[in-house]
Amino acid sequence: MTVTKFKLVKNVIDLGVNGKVAKRTVQTFIDCIVDSIKRGEKVQISGFGTFIIREKKERMGRNPKTGAKVLIPAKRVPAFRPSEMLKERIKKGVSANERK
Amino acid sequence: MVRSDIVKKVAESTGLSKGDADKVVSIILENMISYLEKGEKLELRGFGTFYARQRGARVARNLKTNETLPLPPRKVIYFKAGKDLKVLSK
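Residues numbered from 1 in each chain as written. Chains lettered and ligands numbered in written order. Predicted model: local features only at pLDDT ≥ 70, side-chain atom pairs only at ≥ 80, totals over all residues. Heavy atoms only, no water.

Enquirer: I'm lost on the pairing of strand E2 (residues 48-55) of chain B in this one. Help?
Expert: Walk down a regular strand and you will see the side chains alternate between the two sheet faces. Residue and element names in this part refer to chain B. By the bridge criterion, 3 bridges tie strand E1 (residues 42-44) to E2 in an arrangement that is antiparallel. Directly across from Leu42, in E2, lies its bridge partner Phe50. Joining the antiparallel neighbours E1 and E2 is a turn of 3 residues, in which Gly46 adopts a positive phi near 85°. In this structure, E2 lies alongside strand E5 (residues 74-81), joined through 8 bridges in antiparallel fashion. Within E5, the residue paired with Arg53 across the bridge is Val76. (Pairing = 2+ DSSP bridges. Helix = DSSP H or I, 4+ residues; strand = E, 2+ residues; numbered from the N terminus.)

Next up, the structure:
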């Protein structure tokens, strides 16, 4: 099943952390990254990865329905680059049927 | 911005000491990674979704020596940005 914010918060609470604190920590963590990216600044989290902004140049595209050429404007898109450690761990990851 | 900046903000918003805030952040990160390792999809509403995708085995080549070496199937992590992240000022 998909893991949500709620699940992350619950797991922290189960370890004996106060509910409000757990909730705020998860939310602040997310807000920090969002704010930083919106300011145009990358976020580096050691052992996890880096959230970066990729600059996309403007380019010609086509409307697949009409075939008309359209100019796709330059834009900035957020992206995530996993750390080596995270990549390594995911690579070895436990497959679905080994799960308990 | 780096991890310690986030820890500082967490300490401010929760009233925890920086040391404790750091611990809670570590627990959350470790928790996130362990779910991804298990192949679970991690969806943080508004922020984005992390998930692992299976890549098949393929044969690669060492361009220097021209030897072929098989690459085993592996899992690679993907991140899809959510709507809050996508609203970027140009």
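Enquirer: For this particular structure, what's the right way to read the sheet that holds E5 of chain B?
Expert: Sheet strands associate in pairs through backbone hydrogen bonding, adopting either a parallel or an antiparallel arrangement. Pairing within the open sheet is mixed, and its 4 strands lie in the order E1(A)-E1(B)-E2(B)-E5(B). The two strands at the open ends of the sheet, each matched to only one other strand, are strand E1 (3-4) of chain A together with E5 of chain B. Sheet analysis places E1 of chain A next to E1 of chain B, joined by 2 bridges and oriented parallel. Pairing of Thr4 of chain A across the sheet is with Glu43 of chain B, part of E1 of chain B. Docked against the sheet, helix H3 (residues 84-92) of chain A engages E2 and E5 of chain B, running at close to 120° with respect to E5 of chain B. (Contact = heavy atoms within 4.5 Å. Axes fitted to C-alpha atoms, helices over the stretch in contact; angles between N-to-C directions.)

Enquirer: Even after reading the chapter, I still don't get a positive patch on the surface, so can you show me in this structure?
Expert: Residues and elements named next belong to chain A. There is a patch of like positive charges on the surface, built from Lys42, Arg54, Lys56, Arg59, Lys75 and Arg81. Listed by contribution, the elements that provide at least two residues to the positive patch are strand E3 (49-56) and strand E6 (75-82). Tracing the backbone shows Arg59 in strand E4 (residues 59-62). (Patch = residues over 30% accessible without salt bridge, like charges linked within 9 Å, V, L, I, M, F, W, Y side chains within 5 Å. Areas by Shrake-Rupley, 256 points an atom, 1.4 Å probe, with all protein chains shown as cover. Salt bridge = Lys/Arg side-chain N within 4 Å of Asp/Glu carboxyl O. Lys, Arg positive; Asp, Glu negative; His and termini not counted. Charge placed at Lys NZ, Arg CZ, Asp CG, Glu CD.)

Enquirer: Even after reading the chapter, I still don't get helix H1 (residues 3-14) of chain B, so can you show me in this structure?
Expert: Within an α-helix, residues lying three or four positions from one another point in the same direction, as the helix has 3.6 residues per turn. Taking 1.5 Å of rise per residue, the 12 residues of H1 of chain B would be expected to cover 16 Å, and the 16 Å separating its terminal C-alpha atoms lies within 8% of that figure. Every buried residue of H1 of chain B is listed here: Arg3, Ile6, Val7, Val10, Ala11 and Thr14 of chain B. In a view along the axis of H1 of chain B, the buried residues occupy a sector of 140°, so they form one face of it. Buried residues along H1 of chain B sit against helix H2 (19-38) and strand E2 (43-45) of chain A together with helix H2 (18-37) of chain B. Positive backbone phi, at 85°, marks Gly15 of chain B, one or two positions downstream of H1 of chain B. (Expected span 1.5 Å × (residues − 1). Buried < 20%, exposed > 50% of the residue type's maximum accessible area, 1.4 Å probe, protein only. Arc of directions from axis to C-beta.)

Enquirer: Which parts of the structure should I look at to understand the interface of chain B and chain A?
Expert: In many reports, interface size means the accessible area that the parts give up when they come together. Of the residues lining the interface, 46 residues belong to chain B; the matching set on chain A comes to 49 residues. Both faces considered, chain B and chain A share a buried interface measuring about 4600 Å² in area, 70% of it formed by carbon and sulfur atoms. Linking chain B with chain A are 13 residue pairs in polar contact (both at pLDDT 80 or more). Going through the elements one at a time, H1, H2, E1, E2, E5 and helix H3 (83-86) of chain B are the ones with two or more residues in the side of chain B that touches chain A. (Buried area = accessible area lost by both parts, 1.4 Å probe. Polar contact = N/O pair within 3.5 Å; in protein donor to acceptor, adjacent residues only side chain to side chain.)

Honestly, that's just the spatial picture; any functional story needs more than this.
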